[in-house]
Amino acid sequence: MNYDQLTKLKELNLYSGLLKGGIIPLSVNASFEIYNYFQIRLIVNKSFSDVKTLSYLETSERFNCSEMTIRRAIKFMES
């Protein structure tokens, strides 16, 4: 799982150095940030009946991109 690997790099304080050095592409960092925000929105919206739909919408508004981009980022992080 890509998310777990990136989280481990953050815990080891290696993530920002690898990002600045260009080893981790900015697109991967964007997917990582999108995934984290989406997970937070799932927790915040858990009292609503359409949790995922609302979370996709709020995340796409926050990052100013389409819901399909959010879905691709989540799929990438979970692969």
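Mind showing me how you'd approach the pattern of salt bridges here?
Pairs can form between side chains of opposite charge whenever their charged atoms are close. Enumeration according to the criterion identifies one salt bridge in this entry. Here Arg41 makes a salt bridge to Glu58, at a shortest N to O gap of 2.6 Å. A residue pair is termed long-range when its members are at least 10 positions apart, and Arg41 in helix α3 (residues 26-44) and Glu58 in helix α4 (residues 51-63) qualify at 17 residues. When its relative accessible area of 17% is taken as the criterion, Arg41 is described as buried.

Help me out: how do you make sense of the packing of α3 against α4 in this one?
Helix-helix packing is characterised by the crossing angle of the two axes and by the distance between the axes. In the contact formed by α3 and α4, the axes pass within 9 Å of each other and the chain directions differ by 135°. With respect to α4, the element α3 is oriented oblique. Of the two possible hands of crossing, α3 and α4 adopt the one that is right-handed. Residues Glu33, Ile34, Tyr37, Phe38, Arg41 and Leu42 of α3 pack against Val51, Lys52, Ser55, Tyr56, Glu58, Thr59, Arg62 and Phe63 of α4. Here the contact of α3 with α4 is built from residues that sort into seven nonpolar, two polar and five charged.

So what exactly am I meant to see when it comes to unusual backbone geometry here?
For residues other than glycine, phi is negative in most cases, and the peptide bonds are mostly trans. With phi around 60°, Asn13 is a residue other than glycine that occupies positive phi space. Structurally, the position occupied by Asn13 is in the loop between α1 (2-11) and α2 (15-20). Here the phi dihedral of Asn64 falls at roughly 50°; this positive angle occurs in a residue that is not glycine. Summarising the element assignment, Asn64 is placed in the loop between α4 and α5 (67-78). Residue class for Asn64 comes out exposed when judged on its relative accessible area of 73%.

Conventions adopted
Residues numbered from 1 in each chain as written. Predicted model: local features only at pLDDT ≥ 70, side-chain atom pairs only at ≥ 80, totals over all residues. Heavy atoms only, no water. Salt bridge = Lys/Arg side-chain N within 4 Å of Asp/Glu carboxyl O. Helix = DSSP H or I, 4+ residues; strand = E, 2+ residues; numbered from the N terminus. Buried < 20%, exposed > 50% of the residue type's maximum accessible area, 1.4 Å probe, protein only. Axes fitted to C-alpha atoms, helices over the stretch in contact; angles between N-to-C directions. Parallel < 35°, antiparallel > 145°, perpendicular 65-115°, else oblique. Left-handed = near helix turned anticlockwise from the far one by under 90°. Contact = heavy atoms within 4.5 Å. Nonpolar A, V, L, I, M, F, W, Y, C, P; charged D, E, K, R; others polar.

Shape descriptors only; they carry no functional weight alone.
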